[in-house]
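Each chain, written out:
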Amino acid sequence: MSHVLVLVEISHRGHIADSARGLLALAARLGDPVAVVATREPLADDVVAKLGSLGAAQVYQGRSDAAGTALVAPQVEALAAAVAALSPAAVLVSHSYDGREAAARLAVRTGSGVLVDAVNVRAEDGRIIANGSIWGGNYLVDSATTGMPVITVRPGAVDESAPQASAQVTAESVTVDAATAGVIDSYNDAPEVSERPSLLGAKKVVSGGRGFGSKENFALVEQLADALGAAVGASRAAVDAGYSPQTTQVGQTGVSVSPDLYVALGISGAIQHRAGMQTAKTIVAINKDADAPIFEVADFGIVGDVFTIVPQLVEAIKARSA
Amino acid sequence: MAVMSQYQPPVKDIAFLLEHVVGYPDIAALPGFEHADLDTVVGILEECGDFMAKVVAPTNRAGDEEGARWQPDGSVVTPTGFKEAYQQYVDAGWGSVPLPEEFGGGGFPRTIGLIIQEMMMSANMAFSLCPLLTQGAIEALLHYGNDELKQRYLPKMVTGEWAGTMNLTEPQAGSDVGALTTKAVPRGDGTYAISGQKIYITFGDHDLSEQIVHLVLARTPGAPEGTRGISCFIVPKFLVNQDGSLGDRNPVHTVSIEHKMGIHGSPTCVLSYEEATGYLIGEENKGMRIMFVMMNSARLSVGTQGLAVAELAYQQSLEYAKERRQGRAIGATEDSPIIDFPDVRRMLMTQKASIAALRALMLLNASYVDHSLHEPDEDARKRADEIVGLLTPICKSFGTDLGNELTSLALQIHGGMGYIEETGVAQHVRDVRIAAIYEGTNGIQAADLVGRKLGVRGGASVREFLATMREVDGQLADAGEQFASMRAELKTQLDALEQATMWIFQNGMSDPNAALAGSSPYLRMWGLCTGAWLLARAALAGQATGDPEVAETQLVLARFFAEQILPQCSGLLPAVTAGARDLFALDASQL
Amino acid sequence: MRIVVLVKQVPDTSDVRKLDLNTGLLDRDAGEPIVDEINERGLEAALRYKDDNKGTEVVVLSMGPENAIKSIRKALSMGADSGVHIVDDSLAGADALVTSLAISKALERTGYDLVVAGNESTDGNGGIVPAMISERLGIPLLGFLVNMEITEAQVSGERQGDDGTANVHAGLPAIVTVTERFDYARFPNFKGIMTAKRKPVDTVTLAELGVDAAEVSSLDRTEVISAVERPARTAGTKIDDDGTAAATLVEYLATNRLV
Ligand SMILES: Cc1cc2nc3c(=O)[nH]c(=O)nc-3n(C[C@H](O)[C@H](O)[C@H](O)COP(=O)(O)OP(=O)(O)OC[C@H]3O[C@@H](n4cnc5c(N)ncnc54)[C@H](O)[C@@H]3O)c2cc1C
Ligand SMILES: Cc1cc2nc3c(=O)[nH]c(=O)nc-3n(C[C@H](O)[C@H](O)[C@H](O)COP(=O)(O)OP(=O)(O)OC[C@H]3O[C@@H](n4cnc5c(N)ncnc54)[C@H](O)[C@@H]3O)c2cc1C
């Protein structure tokens, strides 16, 4: 079987990105998964072991002094070197901030087509096909490229895991042309948020909108999310108003989620918001405007005030679990 | 969808009228308007409409709900969002478009200025009054101010950084401006000390601009009685220093603001002038002449308010009619949206066709304003000016009367919801109601039409205009069967209008009261006929475009208006020709 | 300093967008064509720099069909100085590789110190073209900026990341992509609209850019194999809160095993 490369993103604090599991699972479906990483230091044993447990039989390490300071370029070099060395059938990358930039730059190097934001991939008649869910899931589109595809995969879209493997590391040093890369000066890490699940791939999401009126009031969204064990999302209006961080924006230009349960609180349900959540299995909406468009897609809607209903919900759910 | 719908600027309809019905290309061909070709104009109107819809329209509800507020310190605060929207309006420069380039304007035709006003008035009528009154003050200065006043005031008024007001009304002087008593005493240094009380002054004080330039009518000592003794002054809220910066506060105080039926966002002020410094515009005792120049312009704008608010209300009622389900229309198998009921259709079509007629009429009037100012040939200018004189009272009255009637239909379509304030449509009914009252009540307009305009050139001016309207007959005859009913109806009704006109010519001189008695129905006959005439022209033009959808829409609107609305015209003939007998048959105690 | 702002004309996202199920391409007629909002934000950032730094030239560059000139004019009326419009029939349906090639060539021809793009377009959601351009031109990319500072010699800002942001910088020339955290654009003003008519727009074809057919055909192509439309969602139960709605909802969640 041919190799399928997966770009594994490793944070500046040394954490393997959550996307690695799903990417390796998809890669395992298509061929022999190879985890490609770009780091400055040799890989720690626990990182290698973890990659193996996620299904990587091989780890291709591009070593570069610029890793951690040059923006994305070390990953591009590592990928390019791995492609040259292994002639893979496909390259899978997360459709994350770093991932898609690395994918794009690699594609120019190799002259490859990029299939973006896939939610699934499969091999069919010797071709690798990416399945995308576009415009809020209104359409499901299969696409392919004429040569080796570079595929970016929607974070959180893949549930499965690859069979465990034990990873063999190949390390190559790669050089980054400093003139062609942005420089990372420092990081501003978001404060660690409790145990709350990440929005990407969450099974339950509770989102709040402009209806909350202030950052303080938005805490109600978090309380309900915690009671349900859900991730927190937000409308763009809520993000714009500073109630919730950018990374929580659900919608057209934010994150697309497909959870089992999506609760929209004080969100009108503009077409652009719906684009990010209307493939959820069950949608619940609470809004005081009976004509709010969110009700057009809600399985269960309550016309009422979030400030009255949400605290009652939190109590009732707590009471049940107690 | 939410009940409140957003304003959609009707730029496509407007562009069609400009190109095909009111002859805008001829205006663009006038000297000085080389930069104002149709394409450019439509591009500007699209952006301007977008601005009005996105920046101004969202302030309309808050304006109504909060209203302008008078503060104990005598200042006036406008509702939430007005200040920001006004600043953006100034930055965007929309007010400057039709003003002379010499003072920083865009040098565009009045026709384009009126369309910008229409869209702003639809977006928020109360808000739009501030720029509207500013424009009135600008025009007075432009035509009669001396160079120094012009240089000092106009550039900032043209941008909108400084606002303006118009101060005519006093407690005892409303329709009869000649009764005003505010005094202007010369100080010997060229300035005047202005003292007196003005009431109902729109945007007499506010927080939208740093400076307010009041245009004030007052009397100098020993001036003749009545309108012949009125002079016109500029009274700035803050005196202006030599370097153009703002100096001392001029003693003009806001005593209170009115609690009104509508246009809550527009502060209607009682202003007290206590020896405030004023600067004469033009000559002493020539104030009414200045007012006459501005009157045509302001009256056309106010007529357009009727159109503008009706357009907004129509859009809202159309939205509602599509969504509200109630009962079953004939043949329906499930609950029908109310738009499927014939009577609801009647209300929608009445609005749509009347709005189309009004818009054509307003734009026609505006285009004659442009011809009257810019035609190279003097005779052509004079003739255009006559037509402006004739059409202005019709635009003002018919426009605002229909404004009341059409907004009321829009409310009716909403059923009980319409009567509930939350729905928002009641606001339009309340807002537009003032337009038939201010800027010369509609009764005064009718008197102006009958008393002044019919007599121009011994009646020849009106006869020529009637003959022009008749010219469409030949084109309708050539246009085929579909235009036959419209043609026949137009002929019948123009005959009735001519008959009414003849009656007034014959009886007006000997019995003015008899002519005045029928003046309002007579004016309405004019409105109906000019509207139907313009829609017929639009239908012909629609056919000529070769675009089947445009052709159909225009044909149906014109036919509906001709067959179902225009016939009111001959029904009014008896009221026009009845004379005053029964109006005065009962004495006041019997009424 | 010459700032080139990339502007894409897209169908308004407020309208329902349609995919042509035969070609797998966007049905460009379904939805009013407008300047993608994210590009307007990028333009605003460039214009603000220009407001404060005389001598800055802002060029808008768009690749798109004939009618994309409307979007270029709009950008000019907002304050950009000139436009470049890449129009070529062969570009219909171009994928990111080809698009980035054409735009890169046009950028080389126009010259630039800073290129400002949107982080992703609302019709493609790819967000890969700017990175491809950076690779082709060999210039640094600062992508997904939430704010930006431009100086004569460099551009810097905060880049959005998965768990926080990073402070990044790059020497000029460089390309950046902006996110929705950048401010909305100004409205075109009347004077701007009038002057926009006189501003130059350079309309170029692929041949004029020196992109040869052989180079284009040597690239791998992406193609849509099939597309299906998902049935629209329908509304379920809607109740008015009479004080018991919270309890009813919890029951509903319990029945569906969601609590
Ligand atoms: C190019 C583009 C991309 C966009 N991308 C996105 C995107 O990715 N995600 C996104 O969300 N939006 C996006 N938008 C914006 C979108 O159009 C809407 O403006 C936004 O979703 C509105 O957010 P909202 O529902 O919180 O606010 P609003 O529309 O203001 O709605 C607030 C709602 O709260 C309700 N409410 C108020 N008070 C209460 C109360 N006490 N109790 C109950 N209900 C209450 C109101 O009835 C109202 O329905 C995009 C827009 C554009 C043009
Ligand atoms: C909200 C608002 C804003 C205003 N803004 C301004 C402003 O900015 N500046 C300003 O100067 N004024 C303003 N006005 C005043 C407005 O122009 C006057 O109210 C209007 O001219 C009518 O005057 P009046 O109220 O004294 O009514 P009257 O003159 O008393 O009229 C009462 C009735 O008598 C009729 N009538 C009177 N005389 C005659 C006649 N000769 N022939 C036939 N019928 C007659 C009228 O048609 C009317 O029906 C405003 C008024 C309002 C309510």
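Computed from a predicted model, the values in this text were never measured in an experiment.

Colleague: Can you lay out the site of ligand 2 for me, pointing to particular residues and giving the numbers?
Modeller: All names here are of chain B. Inspection of the region around ligand 2 gives 17 residues, with Thr 169, Ser 175, Tyr 200, Thr 202 and Thr 441 positioned closest. Here Thr 169 contributes a side-chain N or O atom positioned 2.6 Å from a nitrogen atom of ligand 2. Interatomic distance of 2.7 Å between a backbone N/O atom of Tyr 200 and a nitrogen atom of ligand 2. Breaking the shell around ligand 2 down by element, the ones donating at least two residues are strand E3 (162–167) and strand E5 (191–202). Looking at the shell around ligand 2, its residues break down into eight nonpolar, seven polar and two charged.

Colleague: Go over the state of the cysteines with me, naming the residues and quoting the values.
Modeller: Residues and elements named next belong to chain B. The final tally for this structure, using the stated rule, is zero disulfides over all chains. Among the cysteines around Cys 130, which has no disulfide bond, Cys 269 carries the closest sulfur, lying 11 Å off. For Cys 130, a relative accessible area of 0% corresponds to the buried category. In this structure Cys 569 is not part of a disulfide, and its nearest cysteine sulfur, from Cys 529, lies 3.7 Å away.

Colleague: So what about the packing of helix H17 (residues 484–508) of chain B against helix H19 (residues 519–545) of chain B? Which residues, and what values?
Modeller: Residues and elements named next belong to chain B. For the pair H17 and H19, interaxial distance at closest approach is 10 Å and the crossing angle is 150 degrees. Between H17 and H19, the angle falls in the class roughly antiparallel. Here H17 runs over H19; the crossing is left-handed. Where H17 abuts H19, its residues Met 486, Leu 490, Gln 493, Leu 494, Ala 496, Leu 497, Ala 500, Thr 501 and Ile 504 lie against Tyr 522, Met 525, Trp 526, Cys 529, Ala 532, Trp 533, Ala 536 and Ala 539.

Colleague: Lay out empty space enclosed by the protein in plain terms, naming residues and giving numbers.
Modeller: Residue and element names in this part refer to chain B. Taken as a whole and assessed by the stated rule, the structure comprises four cavities of 30 Å³ or more. Estimated volume of the largest cavity: approximately 170 Å³. Around the largest cavity sit 19 residues that line it, and Tyr 89, Trp 94, Gly 95, Pro 131 and Gln 135 are the ones nearest its centre. When residues in the lining of the largest cavity are grouped by element, the largest group, five residues, is from helix H7 (residues 125–144). Residue composition of the lining of the largest cavity, grouped by class: twelve nonpolar, seven polar and no charged.

Colleague: If you had to explain the interface of chain A and chain C to someone new, which residues and values would you point to?
Modeller: On the chain C side, the residues contacting the 90 residues of chain A number 82 residues. Taken together, both faces of the contact between chain A and chain C bury some 7,500 Å²; the carbon and sulfur share is 53%. A per-residue breakdown of the area chain A buries against chain C is headed by Trp 135, Tyr 139 and Phe 300 of chain A, which together make up 11% of the total. Joining chain A to chain C, the criterion identifies ten salt bridges. A salt bridge links Arg 159 of chain C to Asp 98 of chain A, with the shortest nitrogen-to-oxygen separation between them at 2.4 Å. In this structure, the connection of chain A to chain C is made through 48 residue pairs in polar contact (both at pLDDT 80 or more). Considering each element in turn, the side of chain A that touches chain C owes the most residues, nine residues, to helix H4 (residues 97–110) of chain A.

Colleague: Please provide a residue-by-residue account of the interface of chain C and chain B, values included.
Modeller: Each partner contributes residues to the interface: chain C has ten residues there, and chain B has 20 residues. In this assembly, chain C packs against chain B so that about 1,100 Å² is buried in total across both faces, 66% of it on carbon and sulfur atoms. Counting the contacts that link chain C with chain B gives three salt bridges. The salt bridge partner of Glu 47 of chain B is Lys 74 of chain C, with a shortest N-O separation of 4.0 Å. Inspection of the chain C/chain B interface yields four residue pairs in polar contact (both at pLDDT 80 or more).

Colleague: Give a description of the sheet that holds strand E5 (residues 114–124) of chain A that names residues and reports values.
Modeller: Spatially, E9(A)-E3(A)-E2(A)-E1(A)-E4(A)-E8(A)-E5(A)-E6(A)-E7(A)-E12(C) is the arrangement adopted by the ten strands of the open sheet, whose pairing is mixed. The two strands at the open ends of the sheet, each matched to only one other strand, are strand E9 (168–173) of chain A together with strand E12 (222–229) of chain C. Within this sheet the neighbouring strands show an average axis-to-axis angle of 30 degrees, counted without direction. Summarising the sheet, strand E4 (residues 90–94) of chain A and strand E8 (residues 150–153) of chain A pair through four bridges and their orientation is parallel. What sits directly across from Val 91 of chain A, in E8 of chain A, is Val 150 of chain A.

Colleague: Give me the lowdown on the sheet that holds strand E11 (residues 204–208) of chain A, citing residues and values where you can.
Modeller: Sheet architecture is open: six strands sit in the order E12(A)-E11(A)-E13(A)-E14(A)-E15(A)-E13(C), paired in parallel fashion. At either end of the open sheet lies a strand with only one pairing partner, and these are strand E12 (231–234) of chain A together with strand E13 (237–240) of chain C. Strand-to-strand twist across the sheet, computed as the mean angle between neighbouring axes with direction ignored, equals 15 degrees. Bridge count for strand E13 (residues 261–265) of chain A against strand E14 (residues 282–287) of chain A is five bridges, and the pairing is parallel. Opposite Leu 265 of chain A, over in E14 of chain A, you have Ile 286 of chain A as the bridge partner. Against the sheet, helix H8 (residues 306–321) of chain A engages E13, E14 and strand E15 (300–303) of chain A, with an angle of about 135 degrees to E14 of chain A.

Colleague: So, the site of ligand 1: which residues are in play, and what are the values?
Modeller: Around ligand 1, 29 residues are found, and the nearest of them are Ser 235, Thr 253, Ser 268, Gln 272 and Asn 287 of chain A. Residue neighbours of ligand 1 fall on chains A and C, so the site bridges chains. In the model, an oxygen atom of ligand 1 is placed 3.0 Å from a nitrogen or oxygen of the Gln 249 of chain A side chain. Measuring from a nitrogen atom of ligand 1, one finds a backbone N or O atom of Lys 288 of chain A at 3.1 Å. In isolation ligand 1 has 980 Å² of accessible area, and contact with the protein removes 83% of it. Mapped onto the shell around ligand 1, the elements with two or more residues apiece are helix H6 (236–240), helix H7 (271–274) and H8 of chain A.

Colleague: Help me get a handle on the domain arrangement of chain A, residues and values and all.
Modeller: Residue and element names in this part refer to chain A. As assigned here, chain A comprises domain 1 (3–180) and domain 2 (204–321). Taking only C-alpha atoms, the centre of domain 1 and the centre of domain 2 are 33 Å apart. Counting residues at the interface gives six residues for domain 1 and five residues for domain 2. Here domain 1 packs against domain 2, burying approximately 410 Å² in sum over the two surfaces, 45% of which is carbon and sulfur. The tally of links from domain 1 across to domain 2 stands at zero salt bridges. Looking at the side of domain 1 that touches domain 2 residue by residue, the classes come out as two nonpolar, three polar and one charged.

What counts and how
- Residues numbered from 1 in each chain as written.
- Chains lettered and ligands numbered in written order.
- Predicted model: local features only at pLDDT ≥ 70, side-chain atom pairs only at ≥ 80, totals over all residues.
- Heavy atoms only, no water.
- Near = heavy atom within 4 Å.
- Polar contact = N/O pair within 3.5 Å; in protein donor to acceptor, adjacent residues only side chain to side chain.
- Helix = DSSP H or I, 4+ residues; strand = E, 2+ residues; numbered from the N terminus.
- Nonpolar A, V, L, I, M, F, W, Y, C, P; charged D, E, K, R; others polar.
- Disulfide = S-S within 2.5 Å.
- Buried < 20%, exposed > 50% of the residue type's maximum accessible area, 1.4 Å probe, protein only.
- Axes fitted to C-alpha atoms, helices over the stretch in contact; angles between N-to-C directions.
- Parallel < 35°, antiparallel > 145°, perpendicular 65-115°, else oblique.
- Left-handed = near helix turned anticlockwise from the far one by under 90°.
- Contact = heavy atoms within 4.5 Å.
- 1 Å grid on protein atoms, 1.4 Å probe; cavity = no way out; pocket = protein on both sides within 12 Å on 5 of 7 lines; lining within 4 Å.
- Points joined across faces, edges and corners; volume = space filled by probe spheres on them.
- Buried area = accessible area lost by both parts, 1.4 Å probe.
- Salt bridge = Lys/Arg side-chain N within 4 Å of Asp/Glu carboxyl O.
- Pairing = 2+ DSSP bridges.
- Areas by Shrake-Rupley, 256 points an atom, 1.4 Å probe, with all protein chains shown as cover.
- Domains from an automatic or database assignment.

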